[in-house]
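Listed below are the residues making up each chain.
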Amino acid sequence: MDIPERVLQGDRLALARLLTWLENDQPRGRAALDALFPHTGKSHIIGVTGPSGSGKSSLVNRLALQLAQADGSQPARRVAVLAMDPSSPFSGGALLGDRVRMRDLMECPEIFIRSMASRGALGGLARAAGELVLALEAAGFDIILVETVGAGQSEVDIARLAHTTLVVEAPGLGDDIQAAKAGILEIADILVVNKSDKSGAESAAHTLAAMLEIGAELKAETSAPQAAWKVPVQLTSALNREGMVSLAAAIHEHFTWLNASGEWERRAQARLEDLFNRLLRERLYEDWQRSQPQANLSEALQSLRKRETSPYSLIERLFS
Amino acid sequence: MNRKIRVLIAKPGLDGHDRGAKVIARALRDAGMEVIYTGLRQTPEMITNAAMQEDVDAVGLSILSGAHMTLVPRVLELMKANGQGEVCVFVGGIIPEEDARELEKLGVKAVYGPGTPTTQVIADLTQMVEPA
Ligand SMILES: Nc1nc2c(ncn2[C@@H]2O[C@H](COP(=O)(O)OP(=O)(O)OP(=O)(O)O)[C@@H](O)[C@H]2O)c(=O)[nH]1
Ligand SMILES: [Mg+2]
């Protein structure tokens, strides 16, 4: 049986191999994703971002279990986790350690976890993250949790990939002005203040809620109020397993709002266009590079280095 | 194309010393590999399930507890059952010579005692593993 068929039938090893091919940008990965594409688009993609050490992995560990199990309002769901950690800019290698915090999940073999290195991409997400998510969708996971590299500064990429973005903060990681400056609050659909067991968590939650209110007021001046989603602030302790039922409920509420408001479709469309645009850019660049005689290019780069030509006029010349 | 050797470094069993595992994880990262580190006290089931989901090229087991003759064969057996019999498995720790020979017969690719230079592990892995 071939890989796409095996993935559709729930073969985990086939899925894992496909993820590797996609990560490495191998042609057979693209061919497999071609076949699987009609089976994508049904999963709820949840981004988990926030500063390093705020407890994203620890939270995912508890939250994935909460979301996987049936509760009063929800049936049991199939959950996958895609966890990003940074690559070393020096060696190109990576130490992927998010699993250390996901011990409970590792005891549940039905929850699929994949660690991914950022491989030089900026903005908290690896370049191929979108393609890996597509493969996980085709494999039939109802919920895909995507943990970004910890940074805390404008990880807009995750907001464009996910239907629902959780921004995870923790007490003692910076003040409200830093949060406002970093733009991290703007991408939050749900703001989580983790480590509620520590002092300062509640006051951090209040401060952040006030910041969110300012943002919401400014937004209301420019957009239709009836469609607005009010970003909730959720206090959790991944350490003590507190706040998970409430957080899962907030996620479900957002899911309901996404569908009712038409945002689900809009975000799905934007995500696919992002992927298409990126692939198009890469293709155009590759084709162009291949069409250039090698001597041409290195000569041009020489004149750049000698400062005989500016980058602008060099591009004009290459395209004239 | 951007292929990287992916290695799972795991600590099966109950001993709580993971310095050796951390040193080798760090060294492999610095050699350009992608290392998935899973932390302490992993069962063979957890390790092999992670190895499958992560589609690794190699699995390194760090064992100081003396339980290697039960843990390692179990890991090998589960990996075969999962369709990962080809994945390179290596072991680090305090392993008596005859046990090492026995483990190699069962399919372990290399056994490293305390004080093995990390450069040797890196060289061996690079040679043994062809990334997917
Ligand atoms: N007190 C307390 N500590 C926590 C809580 N959640 C996580 N931690 C601790 O915070 C540290 C960082 O947790 P991680 O889950 O690794 O944080 P992260 O955001 O995933 O970190 P990166 O992936 O490196 O960005 C660990 O030492 C955790 O044990 C919590 O609710 N309360
Ligand atoms: Mg993490």
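The structure presented is a predicted model; accordingly, all values stated were derived computationally and were not measured.

(A) View of the sheet that holds strand S3 (residues 94–96) of chain A. The strand order across the open sheet formed by six strands is S3(A)-S2(B)-S1(B)-S3(B)-S4(B)-S5(B), and the pairing between neighbours is parallel. In this open sheet, the two strands that pair with only one neighbour each are S3 of chain A together with strand S5 (110–112) of chain B. On average, adjacent strands in this sheet sit at an angle of 20° to one another, irrespective of strand direction. Pairing of strand S4 (residues 88–93) of chain B with S5 of chain B, which is carried by three bridges, proceeds in the parallel orientation. Each residue of the ladder has a partner; that of phenylalanine 90 of chain B, found in S5 of chain B, is alanine 110 of chain B. Contacting strand S3 (58–63) and S4 of chain B, helix H3 (residues 68–81) of chain B crosses the sheet at an angle of about 160° to S3 of chain B.

(B) Quick peek at helix H2 (residues 12–23) of chain A. Residue and element names in this part refer to chain A. End to end, H2 covers 16 Å across 12 residues, agreeing with the expected 16 Å (1.5 Å per residue, within 8%). Burial in H2 covers these residues: Leu13, Ala14, Leu15, Ala16, Leu18, Leu19, Thr20, Trp21, Leu22 and Glu23. Phi for aspartate 25, located one or two positions after H2, is positive at around 60°.

(C) Structural view of the site of ligand 1. Residues and elements named next belong to chain A. Taken together, 20 residues form the shell around ligand 1, and within it Lys56, Ser58, Arg101, Asp197 and Ala238 come nearest. Between ligand 1 and the protein, one listed contact pairs an oxygen atom with a side-chain N or O atom of serine 237 at 3.4 Å. Element by element, the count of residues in the shell around ligand 1 is highest for helix H4 (residues 56–68), at three residues. For the shell around ligand 1, the class distribution of residues is three nonpolar, nine polar and eight charged.

(D) A look at the domain arrangement of chain A. All names here are of chain A. Per the domain assignment, the segments making up chain A are domain 1 (1–39), domain 2 (41–261) and domain 3 (278–319). Each of domain 1 and domain 2 has a C-alpha centre, and these two points are 26 Å apart. Both faces considered, domain 1 and domain 2 share a buried interface measuring about 1600 Å² in area, 58% of it formed by carbon and sulfur atoms. The largest contributions to the domain 1 side of the interface with domain 2 come from Arg12, Leu19 and Glu23, which together make up 41% of the buried area. Counting the contacts that link domain 1 with domain 2 gives three salt bridges. One salt bridge in this structure joins aspartate 25 and arginine 127, with 3.4 Å as the shortest N-O distance.

(E) Representation of the pattern of salt bridges. Following the criterion strictly, the structure yields 32 salt bridges over all chains and no others. We note a salt bridge from arginine 29 of chain B to aspartate 30 of chain B, for which the minimum N-O separation is 2.8 Å. Taking the relative accessible area as the measure of exposure, aspartate 30 of chain B reaches 39% and is therefore partly exposed. Arginine 74 of chain B serves as the salt-bridge partner of glutamate 77 of chain B, at 2.5 Å between the closest nitrogen and oxygen. Of this pair, glutamate 77 of chain B and arginine 74 of chain B both sit in helix H3, three residues apart, which is roughly one turn of the helix. Here the salt bridges do not stand alone but share partners, grouping Glu23, Arg99, Arg114 and Arg119 of chain A together with Arg6, Glu34 and Glu54 of chain B into one network.

Cut-offs used in this document
Residues numbered from 1 in each chain as written. Chains lettered and ligands numbered in written order. Predicted model: local features only at pLDDT ≥ 70, side-chain atom pairs only at ≥ 80, totals over all residues. Heavy atoms only, no water. Pairing = 2+ DSSP bridges. Helix = DSSP H or I, 4+ residues; strand = E, 2+ residues; numbered from the N terminus. Axes fitted to C-alpha atoms, helices over the stretch in contact; angles between N-to-C directions. Contact = heavy atoms within 4.5 Å. Expected span 1.5 Å × (residues − 1). Buried < 20%, exposed > 50% of the residue type's maximum accessible area, 1.4 Å probe, protein only. Near = heavy atom within 4 Å. Polar contact = N/O pair within 3.5 Å; in protein donor to acceptor, adjacent residues only side chain to side chain. Nonpolar A, V, L, I, M, F, W, Y, C, P; charged D, E, K, R; others polar. Domains from an automatic or database assignment. Buried area = accessible area lost by both parts, 1.4 Å probe. Salt bridge = Lys/Arg side-chain N within 4 Å of Asp/Glu carboxyl O.

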